[in-house]
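Secondary and tertiary structure notes
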Amino acid sequence: MDLGRIQTFWQARTAVSDPRIATNYRNDGRLQLDVGFISQYLTPTSRVLDLGAGTCTLTQEILPLVAEAVAVEKFEEFLKRVPTHSRLKLICSDVSEFESPEKFDVILLFGVVNYLTLEDEQTLYEKCARMLSSDGYFIVKNQCGIGEEVVVDKFSEELNCDYHARYPAVDEQESRLNQHFSVARYDIYPPQYNRWSNTHFYAFECRKQAC
C-alpha cells in the first residue's frame, strides 16, 4: 500500500462540494441500507464511536437514535463541514493512531479498511476490542476481494483521478477479526451494488469473545 497516494486522494476529496459525495456516499441508496443495518444495534442509551467518519454523513443519520456519538476523522477539512450538535463529539485523528480509554456500545468502521495497510488493520482490530463494551458491537463494512485480496492501482474514470486501495480477501479479513471477536458475516447490499466480478461488499458483526 502506498499511503502517500492514499493521503493525496483523500486530501483532494476534501475539496468536493457535496459532503456526501466527498466521502463516497453516492445518492444510490447505500446510505439508507447502512443506516438500516446499523439501527438494529442501537438503543437510546448507546455510545457510538465512528472511525473514519469523513463528513459524518452516516454519523448524523444515526445521531437521533443514540445518547452520544464520537466521530474520528483524519482530515480536519471534513470535520469543519459537520454541523454542531450537543451529542456529537468530533476528534481529528488518524484512525491508525487513535485509541480511547472510554468504552463504547457500538463501534463503526465503514469503508475504512480499504485504505489501511494489513498491519494497521490488525492493530486497529486489537484497539477496537479494548474500546468495546462487554456487550457491545463492532460493525465493520467494506468492499472485499472474493477469492483473494485485490489491490486497485489505476486512474479512475468515474472519479477522474488516480485511485489506490486494498480490498482484503473476505475470508482472510473475517479470520483476522475472529482473532479478537465472535464474528457473523452479512451480505447487506442488493446485487447491483456489487459491480465487479472479483469484489463484493460485506458487513461483519463482531462481539467480544466469551472468556
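Shown above is the structure to which this text applies.
Since the model is a prediction, treat every value here as computed from it, not as a measurement.

Now for the overall build of the chain. Counting its secondary structure elements, the chain contains seven helices and nine strands. For 211 residues, the compact-globule estimate of 2.2 N^0.38 gives 17 Å, and the C-alpha radius of gyration of the chain, at 16 Å, lies within 12% of that figure. Looking at the chain as a whole, 51% of its 211 residues qualify as buried. Across the chain, the fraction of contacts at a sequence separation of at least 24, relative to all contacts at a separation of at least 6, is 64%. Carbon together with sulfur atoms contributes 49% to the accessible area of the chain, which is approximately 10,000 Å² in total. Of note, the chain has its 22 positive side-chain charges centred 3 Å away from the centre of its 31 negative side-chain charges.

A few words now on the side chain of N142. Summarising the element assignment, N142 is placed in strand β5 (residues 132-145). In this structure N142 comes out as buried when scored by relative accessible area, which is 0%. For N142, the side chain forms a polar contact with the side chain of Q173, separated by 2.9 Å. Aside from chain neighbours lying at most four places away, what touches N142 is G111, V113, N114, P168, Q173, H200, F201 and Y202.

So, on to the sheet that holds strand β8 (residues 181-186). With mixed pairing, seven strands are arranged side by side in an open sheet as β3-β2-β1-β4-β5-β9-β8. Each end of this open sheet is capped by a strand with a single partner; those strands are β3 (88-92) and β8. The sheet shows a mean angle of 15° between the axes of neighbouring strands, taken without regard to direction. The pairing of strand β1 (residues 47-51) with strand β2 (residues 68-73) spans five bridges and is parallel. Paired with R47 across the bridge in β2 is E68. The strands touched by helix α7 (residues 170-178) within the sheet are β5, β8 and β9 (199-208), with β8 carrying the most contacts at an inclination of about 150°.

Two numbers describe how helix α6 (residues 118-131) lies on α7: the axes approach to 9 Å, and their chain directions differ by 40°. In this structure, α6 meets α7 at a crossing whose hand is right-handed. Where α6 abuts α7, its residues L118, E121, Q122 and Y125 lie against Q173, R176 and L177. Its residues placed into classes, the contact of α6 with α7 shows three nonpolar, two polar and two charged.

This brings us to the nonpolar core. Most often, soluble globular proteins keep nonpolar side chains buried together rather than apart. Core analysis: the biggest nonpolar cluster contains 29 residues, and L51, F138 and F181 have the highest contact counts within it. Tallying contributions element by element places α6 first for this core, with five residues.

What the rule picks out here adds up to eleven salt bridges. As a salt-bridge pair, R47 and E102 come within 2.7 Å of each other at their nearest N and O atoms. In this pair, R47 sits in strand β1 while E102 sits in the loop between β3 and β4 (104-110), placing the two residues 55 residues apart along the sequence. The class of R47 is buried, set by a relative accessible area of 19%. Take E102: its relative accessible area is 34%, and that puts it in the partly exposed class. When the shortest N-O distance is used, the salt bridge between E121 and R166 registers 2.8 Å.

Reading the values: rules and limits
The numbers attached to residues start from 1 for each chain and follow its sequence in the written order. In keeping with the model being predicted, local features are shown solely for residues with a pLDDT of at least 70 and side-chain atom pairs are shown and tallied solely at 80 or more, while totals for entire chains, interfaces and linings include all residues. The side-chain values count all of the structure's non-hydrogen atoms but skip hydrogen atoms and water molecules. To qualify as a helix, a DSSP run of H or I must reach at least 4 residues; to qualify as a strand, a run of E must reach at least 2; elements of each kind are numbered from the N terminus. In this description the radius of gyration comes from C-alpha coordinates, and the expected globular size is given by 2.2 Å times residues to the power 0.38. Accessible area is worked out with a 1.4 Å probe on protein chains only. A residue is then buried under 20% of its type maximum, exposed over 50%, and partly exposed in between. Residues are treated as being in contact if the distance between any of their heavy atoms lies within 4.5 Å. Methods summary: accessible areas were calculated by the Shrake-Rupley approach with a probe of 1.4 Å, and residue burial reflects only the protein chains presented. Counted as positive: Lys and Arg. Counted as negative: Asp and Glu. His and the chain ends are not counted at all. Charge positions are represented by NZ for Lys, CZ for Arg, CG for Asp and CD for Glu. Polar contact is the term for a pair of N or O atoms within 3.5 Å; when the atoms are in protein, one must be able to donate a hydrogen and the other to accept it, and sequence-neighboring residues count only if both atoms are side-chain atoms. A pair of strands is labelled paired if DSSP reports no fewer than 2 bridges between them. Geometry is summarised by axes, namely lines fitted to C-alpha atoms with helices restricted to the contacting stretch, and by angles between N-to-C directions that run from 0 to 180 degrees. By the definition used in this description, the sense in which the near helix is turned from the far one sets the handedness, with an anticlockwise turn below a right angle giving left-handed and a clockwise turn giving right-handed. Residue polarity is assigned by list, with Asp, Glu, Lys and Arg as charged and Ala, Val, Leu, Ile, Met, Phe, Trp, Tyr, Cys and Pro as nonpolar; anything else, Gly included, falls into the polar class. Among buried residues, those of type Ala, Val, Leu, Ile, Met, Phe, Trp, Tyr and Cys that are joined through side-chain atoms within 4.5 Å constitute a nonpolar core. Salt bridges are defined by distance alone: a side-chain nitrogen of Lys or Arg within 4 Å of a carboxyl oxygen of Asp or Glu.

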